[in-house]
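# Descriptive structure summary
The lines below spell out each chain.
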Amino acid sequence: MKIGITCYPTYGGSGIVATELGLELALRGHEIHFISYAHPIRLPVESEHIHFHEVEVANYPLFAYPPYCLALAGRMAEVAERYGLDLLHVHYALPHAVSALLARQMLAPRLRLPFVTTLHGTDITLVGQEPSYYAITKYSIEASDGITTVSQYLNDRTREVFGVEKPMRTIHNFVNCELYHPRRGAEAGLTGPGNAGRRPRLLHISNFRPVKRPTDCIRVLKSVVERVDAELWMVGDGPERGPCERLARELGVSGRVEFCGKQDHIERLLPRADVLLLPSEHEAFGLAALEAMACGVPPVATRVGGVAELMEHGVDGYLEAVGDTEAQAGRVVELLSDPALYGRVSKAARLAAETRFDSRRIIPQYEQYYREVLGNFSAPDGV
Ligand code: GMT
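## Focus on the nonpolar core
Judged by nonpolar contacts, the single largest core of 44 residues is most densely connected at Leu 119, Leu 203, Ile 205, Leu 270, Leu 276 and Leu 310. When contributions to this core are tallied by element, the ones reaching two or more residues are helix H6 (152–162), strand E8 (201–205), strand E9 (231–235), helix H9 (266–269), strand E11 (275–278), helix H10 (287–294), helix H11 (307–310) and helix H13 (339–356). For this core, the element with the highest residue contribution is H10, accounting for 6 residues. Counting the residues that make up this core, at least three belong to each of domain 1 (2–174 + 359–376) and domain 2 (185–356). Among residues more than four places away in sequence, those in contact with Leu 203 are Leu 232, Trp 233, Val 235, Leu 270, Ala 273, Val 275, Leu 276 and Leu 277. With 30 residues, the next largest nonpolar core counts Met 234, Ala 248, Val 257 and Leu 336 among its residues.

Right under this line is the structure:
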């Protein structure tokens, strides 16, 4: 198939899933055309069957806000026509589904251009509920030819919040378990030689938005180091980074926290950590937790949204209440002070990633869904 993919090209879960999906589809022989305002960060330039089309947003003094949504729609229609795209797959409803809807209408009835919208989380739980965006979010979701959600939780929320009656397919996020894997052989595990001479290491990866509650990681670290030795790597950047640095100084743990900034190769960092912290307020799925599990790194997360769909509390990770940093720290201490328990949870985490979320299991679900959408599509009359 020839598939156009649109996503946010920056450091964010939806853009990462879209990029990885495009790469996996290209490996399976599909022709993939990314259409966005910048090159997606995890997209290697040299990949076969992958093309990138930049959207240029011309500005004019009259525009208080350059109309990206329109420039994107125009580029989608142009790329679709020029390369004979079979469909568009847009990630994150706003504004991508609106642009795809316009592109489809622009080409009809001469050309068919069905589009699939994948909902990722904050497009439904936060942004889409803003009064100025609610109606257009609902409209563009309902006008999509196919709708997928990254968890059953998000599927249910979309129905509740927007009253969407069309069928929506849940296709869970995925991880490439060949790329994301634990340290090998003797280096593996909490007490392996790979860990000799270093402190146990906690890791947090996010965009440091308030919804991720990264300051909770600092509180968890403070509580953990009262009982066991540990350090914390904070990977990513965003508005809560400054507050995290200040809190670390206030709590006297700044010497144990490394702010690593944005990182491209998470698969190289994860195996060098022992526990992943994901203390989010909302999480439609929790991709960072899945990537950690694939690397055999147990997550200590919050019991929110779709996170419980990917991990089983006490088996392959831990789920505690939002803001209960004492309980989260307690789980970290349990793991770090009991190598046998750590080994069991770490192995179970890897197994869950392999058996339920490996890309080889999930990508065919998208391919099947595309076939269904193409089969059911009847071109609009352009009105
Ligand atoms: O977490 C964010 O703010 C980024 C956001 C996005 O859309 O870029 O992430 C969402 O999509 C990820 C990939 O599907 C999910 O793993 C995250 O759970 C989801 N974030 C939230 O629901 C807060």
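Further notes follow.
## Looking at the environment of Tyr 318
Of note, Tyr 318 is situated in strand E13 (residues 318–320). On the basis of relative accessible area, Tyr 318 is assigned to the buried category, the value being 3%. Residues Tyr 318 and Val 373, 55 residues apart in the sequence, show an inter-C-alpha distance of 38 Å. Beyond its immediate stretch of four places on either side in the chain, Tyr 318 contacts Pro 299, Val 300, Ala 301, Met 311, His 313, Arg 331, Glu 334, Leu 335, Leu 341 and Val 345.

## Digging into the site of the ligand
Taken together, 19 residues surround the ligand, and among them His 120, Asn 173, Lys 212, Glu 283 and Ala 284 come closest. Asn 173 is positioned with one of its side-chain polar atoms (N or O) 2.8 Å from an oxygen atom of the ligand. Within the complex, the protein chains bury 96% of what would otherwise be the 480 Å² of accessible surface of the ligand. With 3 residues, helix H1 (residues 13–27) is the largest single contributor of residues to the shell around the ligand. Looking at side-chain class alone, the shell around the ligand contains 6 nonpolar, 10 polar and 3 charged residues. Both domain 1 (2–174 + 359–376) and domain 2 (185–356) contribute no fewer than three residues apiece to the shell around the ligand.

## Considering the pattern of salt bridges
Per the counting criterion, the structure on display carries 26 salt bridges. A salt bridge links Arg 199 to Asp 229, with the nearest nitrogen and oxygen atoms 3.2 Å apart. Pair noted here: Arg 199 is in the loop between strand E7 (169–170) and E8 and Asp 229 is in the loop between helix H7 (215–225) and E9, with a separation of 30 residues, a long-range link. Look at Asp 229 and you get partly exposed, because its relative accessible area is 40%. For Arg 331, the salt bridge goes to Glu 334, with nearest N and O atoms at 3.2 Å. Separated by 3 residues within a single helix, Arg 331 and Glu 334 lie in helix H12 (residues 325–337), roughly one turn from each other. Taken together, the shared-partner salt bridges connect Glu 20, Arg 42 and Glu 291 into one network.

## Let's talk about the packing of helix H3 (residues 96–107) against helix H5 (residues 131–142)
Two elements in contact, H3 and H5, have axes whose closest approach is 9 Å; the angle formed by their N-to-C orientations is 55°. Between H3 and H5, the angle is such that the two are oblique. Classified by chirality, the crossing of H5 by H3 is left-handed. Across the interface between the two elements, Ala 97, Val 98 and Leu 101 from H3 touch Ile 136, Tyr 139 and Ser 140 from H5.

## Some details on H6
Those residues of H6 that fall on the buried side of the exposure criterion are Leu 154, Asn 155, Thr 158, Val 161 and Phe 162. Buried residues of H6 fall within an arc of 145° about the axis and therefore sit on the same side. Of the residues one or two after H6, Gly 163 is the one with positive phi, at around 60°.

## Some remarks on a nonpolar patch on the surface
A cluster of nonpolar residues, Tyr 60, Leu 62 and Phe 63, forms a patch on the protein surface that exposes about 360 Å² of accessible area. For Phe 63, a relative accessible area of 36% corresponds to the partly exposed category.

## What about the pairing of strand E10 (residues 257–261)?
The side-chain alternation of E10 yields one buried face, formed by Val 257, Phe 259 and Gly 261, and one unburied face, formed by Glu 258 and Cys 260. Of the pairings in the sheet, the one linking E9 to E10 comprises 4 bridges and is parallel in character. Each bridged residue has a counterpart across the sheet, and for Trp 233 the counterpart in E10 is Glu 258.

## Points about the packing of aromatic side chains
Tallied over the full model, the rule gives 6 aromatic pairs. Judged by centre distance (5.5 Å) and plane angle (85°), the ring pair of Tyr 37 and Tyr 68 falls under edge-to-face. With Tyr 37 in the loop between strand E2 (31–36) and strand E3 (50–54) and Tyr 68 in helix H2 (residues 68–83), this residue pair connects regions lying 31 residues apart in the sequence. Taken together, a centroid distance of 4.8 Å and an interplanar angle of 15° make the contact between Tyr 134 and Phe 162 stacked. On the criterion of sequence distance, the pair formed by Tyr 134 in helix H5 and Phe 162 in helix H6 is long-range, its members being 28 residues apart.

So, how was this worked out
- Residues numbered from 1 in each chain as written.
- Predicted model: local features only at pLDDT ≥ 70, side-chain atom pairs only at ≥ 80, totals over all residues.
- Heavy atoms only, no water.
- Core = buried A, V, L, I, M, F, W, Y, C linked by side-chain atoms within 4.5 Å.
- Buried < 20%, exposed > 50% of the residue type's maximum accessible area, 1.4 Å probe, protein only.
- Helix = DSSP H or I, 4+ residues; strand = E, 2+ residues; numbered from the N terminus.
- Domains from an automatic or database assignment.
- Contact = heavy atoms within 4.5 Å.
- Near = heavy atom within 4 Å.
- Polar contact = N/O pair within 3.5 Å; in protein donor to acceptor, adjacent residues only side chain to side chain.
- Areas by Shrake-Rupley, 256 points an atom, 1.4 Å probe, with all protein chains shown as cover.
- Nonpolar A, V, L, I, M, F, W, Y, C, P; charged D, E, K, R; others polar.
- Salt bridge = Lys/Arg side-chain N within 4 Å of Asp/Glu carboxyl O.
- Axes fitted to C-alpha atoms, helices over the stretch in contact; angles between N-to-C directions.
- Parallel < 35°, antiparallel > 145°, perpendicular 65-115°, else oblique.
- Left-handed = near helix turned anticlockwise from the far one by under 90°.
- Arc of directions from axis to C-beta.
- Patch = residues over 30% accessible without salt bridge, like charges linked within 9 Å, V, L, I, M, F, W, Y side chains within 5 Å.
- Pairing = 2+ DSSP bridges.
- Phe/Tyr/Trp six-rings, centres within 6.5 Å; stacked < 30°, edge-to-face > 60°.

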